[in-house]
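Observations on the model geometry
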Amino acid sequence: MIEIERKFLVKSNAYKQEAFKETRITQGFLNTHKERTVRVRLKGDEGFLTVKGLSSNDGLKRFEWETEITDEEAKSLLNICEPGVIDKIRYEVEIKNHIFEIDEFFGDNQGLVIAEVELNSVDETFERPNWLGKEVTGDIKYYNSQISKNPYCKW
């Protein structure tokens, strides 16, 4: 249940032509404490409840537990989330052995595009596509739980 992930800004929209899947996501947070977050997500017509723990010092690893819930349960829980529900489209791009998830944000986070790649180990190598920009792994301001409270339009 440990997630290992690297996060990057995206410098062009070339990923859209490479994507094999795109999904609209609405998500909110029931709790955004720095030691744990509880997220509610509506991904297409599927609901999820996720608990994430405190990140490691380098931001690469953290506990993550997720379970599927009904879309009706997700919609009900979104109504009681902290202010700052996030709206985004996730594009999925396969590059060799890795799936990059690229989130294009809307609303108060319009203009922010972040790519994430999950790894099996902290030192695992991966091919960097041309559209991948500056690495922001471990920079808390790019966590979804933080951009829900301090949106990109206020930076």
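Summarised in this report is the structure supplied together with it. (Residues numbered from 1 in each chain as written. Predicted model: local features only at pLDDT ≥ 70, side-chain atom pairs only at ≥ 80, totals over all residues. Heavy atoms only, no water.)

Things to note about the overall build of the chain
Assigned secondary structure in the chain consists of 3 helices and 9 strands. Sequence-ordered secondary structure for the chain, helices as α and strands as β, is β-α-β-β-β-β-α-β-β-β-β-α. Here the C-alpha atoms of the chain give a radius of gyration of 15 Å, agreeing with the 15 Å that 2.2 N^0.38 yields for 155 residues. Oriented by its inertia axes, the alpha-carbon framework of the chain measures out at about 40 × 30 × 30 Å. Burial analysis of the chain (155 residues in total) assigns 48% to the buried set. The contacts of the chain with a sequence gap of at least 6 include a subset with a gap of at least 24, amounting to 60%. For the chain, the accessible surface area stands at approximately 8,400 Å², while carbon and sulfur atoms represent 45% of it. In the chain, 23 positive and 29 negative side-chain charges are present, and the distance between their average locations comes to 6 Å. (Helix = DSSP H or I, 4+ residues; strand = E, 2+ residues; numbered from the N terminus. Rg over C-alpha atoms; globule rule 2.2 N^0.38 Å. Buried < 20%, exposed > 50% of the residue type's maximum accessible area, 1.4 Å probe, protein only. Contact = heavy atoms within 4.5 Å. Areas by Shrake-Rupley, 256 points an atom, 1.4 Å probe, with all protein chains shown as cover. Lys, Arg positive; Asp, Glu negative; His and termini not counted. Charge placed at Lys NZ, Arg CZ, Asp CG, Glu CD.)

Section: the environment of Thr-137
Within the fold, Thr-137 resides in the loop between strand S9 (132–135) and helix H3 (144–147). Sequence spacing of Thr-137 and Glu-82 is 55 residues, and the spatial spacing of their C-alpha atoms is 24 Å. In this view, Thr-137 contacts Glu-5, Arg-6, Lys-7, Asp-58, Gly-59 and Leu-60; residues no more than four positions away in its chain are not counted. One polar contact links Thr-137 to Glu-135, side chain to side chain, over a distance of 2.8 Å. (Polar contact = N/O pair within 3.5 Å; in protein donor to acceptor, adjacent residues only side chain to side chain.)

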